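A look at the structure
Listed below are the residues making up each chain.
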Amino acid sequence: MMDIKKVGIVGAGQMGIGIAIVCARAGYAVYLMDAKPEQLDVAREAIAASLDRSVNRGWMKEGDAANAFARIETGTDFAGFHDCQLAIEAAVENEGIKKEILKQLWPVLPKDAIITTNTSTLSITRLAAQTDRPGRFIGTHFMNPVPRMGLVELIRGIATEEDTYRIVHDFAKHLGKTPISAEDFPAFVVHRILMPMVNEAIYTLYEGVGSVESIDTAMRLGTHHPMGPLELADFIGLDTCLGIMQTLHDGLADSKYRPCPLLVKYVEAGWLGRKTGRGFYDYSGDKPIPTR
């Protein structure tokens, strides 16, 4: 079994930052790469703030947090992956972008290094085919926010070797996560179940069955969900929700996955949820206010 000492991560967005934090906290050296230097500045601030919160809440000792931060190196080029035993692609959920990243990534890595992708919907088999090592390629779908969520979906492509699966399974457990196995079908397990529920909640709003507030209250109190489906959609990002529904609809050719027209309209309007300040709720004030 491979001894993983250094983990490389492509993409310093919300997911890449979270993955970097949990890897550094688990004792791994981390190389976090992004093409935009300004995004790396944002990432370093976010990582420091997250570790500080862990200290303030008693989850980590101050020295352990400082050591974790020191384990994270950042950079804007692929050269930093030359000594990584594991590389995690965590870029935007766009197949073309991911394929281009993988084509640049694999030539730099050691020959026996494992490559994983944090995709939540895309074909592992197709992405693996962009590399020289489909047998050492696997999907690792971390949940957002990564430091708080306990699950990682492990998705084998058609060529993924059993040894690769076992190494990454043990790696996920070392991070303190619970890994589950999922087959290489659109959206895997979590989003295959979650996104149609969110889409149906939007249809419920679109058809006038309930208001934003009544739908979210019903699911929080009626099913004990921690947040309502429309609030959750805003948290995830409505563009992300739409992209996942389109992947399901295209990949499975079933009308039950048709994105709700209201979701399409919100995305076309640029109302993407929390990240733009407006979605099913308006976040411009002290308290989120329903927009419908």
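Residues numbered from 1 in each chain as written. Predicted model: local features only at pLDDT ≥ 70, side-chain atom pairs only at ≥ 80, totals over all residues. Heavy atoms only, no water.

The name an unreviewed UniProt entry assigns to the chain is 3-hydroxybutyryl-CoA dehydrogenase, from the organism Defluviicoccus vanus.

1. What to know about the side chain of Thr160
Position of Thr160 relative to the elements: it lies in the loop between β7 (151–156) and α6 (162–174). In this structure the side chain of Thr160 is engaged in a polar contact, spanning 2.7 Å, whose partner is the backbone oxygen of Phe137. Engagement of the side chain of Thr160 in a polar contact is seen with the backbone nitrogen of Gly157, the distance being 2.8 Å. (Helix = DSSP H or I, 4+ residues; strand = E, 2+ residues; numbered from the N terminus. Polar contact = N/O pair within 3.5 Å; in protein donor to acceptor, adjacent residues only side chain to side chain.)

2. Considering the packing of helix α10 (residues 238–252) against helix α11 (residues 261–268)
Relative to each other, α10 and α11 sit at 135°, their axes nearing to 9 Å. Taken together, α10 and α11 sit at an angle that is classed as oblique. With respect to the hand of their crossing, α10 and α11 are arranged in left-handed fashion. Residues Leu238, Asp239, Cys241 and Leu242 of α10 pack against Leu263, Val264, Tyr266 and Val267 of α11. Residues that form the contact of α10 with α11 fall into these classes: seven nonpolar, no polar and one charged. (Axes fitted to C-alpha atoms, helices over the stretch in contact; angles between N-to-C directions. Parallel < 35°, antiparallel > 145°, perpendicular 65-115°, else oblique. Left-handed = near helix turned anticlockwise from the far one by under 90°. Contact = heavy atoms within 4.5 Å. Nonpolar A, V, L, I, M, F, W, Y, C, P; charged D, E, K, R; others polar.)

3. Considerations on α6
Taking 1.5 Å of rise per residue, the 13 residues of α6 would be expected to cover 18 Å, and the 18 Å separating its terminal C-alpha atoms lies within 8% of that figure. Of the residues making up α6, those classed as buried are Thr164, Tyr165, Ile167, Val168, His169, Phe171 and Ala172. (Expected span 1.5 Å × (residues − 1). Buried < 20%, exposed > 50% of the residue type's maximum accessible area, 1.4 Å probe, protein only.)

4. Digging into the layout of surface pockets
Estimated volume of the second largest pocket: approximately 220 Å³. Secondary structure elements with two or more residues in the lining of the second largest pocket: α8 (212–223) and β10 (289–290). When residues in the lining of the second largest pocket are grouped by element, the largest group, three residues, is from α8. (1 Å grid on protein atoms, 1.4 Å probe; cavity = no way out; pocket = protein on both sides within 12 Å on 5 of 7 lines; lining within 4 Å. Points joined across faces, edges and corners; volume = space filled by probe spheres on them.)

5. Focus on the UniProt feature "domain: 3-hydroxyacyl-CoA dehydrogenase C-terminal" (unreviewed entry) in the chain
Per the UniProt annotation, the sites labelled "domain: 3-hydroxyacyl-CoA dehydrogenase C-terminal" (unreviewed entry) are residues 188–283. Secondary structure content for residues 188–283 is 62% helix and 2% strand, and the end C-alpha separation is 31 Å. (UniProt positions renumbered as here; feature names shortened; annotations may be inferred.)

6. Considering the side chain of Asp234
Tracing the chain through its elements places Asp234 in helix α9 (residues 229–236). In this structure, Asp234 is buried with no salt-bridge partner, the nearest side chain bearing the opposite charge being Arg274 at 6.6 Å. Beyond its immediate sequence surroundings of up to four residues, Asp234 is in contact with Leu272, Gly273, Arg274, Gly279, Phe280, Tyr281 and Tyr283. (Lys, Arg positive; Asp, Glu negative; His and termini not counted. Salt bridge = Lys/Arg side-chain N within 4 Å of Asp/Glu carboxyl O.)

7. Overview of the UniProt feature "transmembrane region" (unreviewed entry) in the chain
Here the UniProt feature "transmembrane region" (unreviewed entry) sits at residues 7–31. When the span residues 7–31 is considered, its composition is 48% helix and 28% strand, and the gap between its end C-alpha atoms is 6 Å.

8. Quick look at the packing of helix α7 (residues 190–206) against α10
At their nearest, the axes of α7 and α10 sit 10 Å apart, and the two run at 115° to each other. By the angle between their directions, the pair α7 and α10 is classed as roughly perpendicular. Here the hand of the crossing between α7 and α10 comes out left-handed. On the side of α7, the interface is formed by His191, Arg192, Met195, Pro196, Val198 and Asn199, while α10 contributes Cys241, Ile244, Met245, Leu248 and Leu252. When grouped by side-chain class, the residues that make up the contact of α7 with α10 number eight nonpolar, two polar and one charged.

9. Some thoughts on the pairing of strand β6 (residues 137–142)
Taking burial as the measure, the six residues of β6 include six buried ones, the bulk of the element. Alternating residues of β6 divide into Phe137, Gly139 and His141 and Ile138, Thr140 and Phe142, and every residue in both groups is buried. Looking at chain direction, β6 and β7 are connected through five bridges and run antiparallel. Across the sheet, the residue bridging to Phe142 is Val152, located in β7. (Pairing = 2+ DSSP bridges.)

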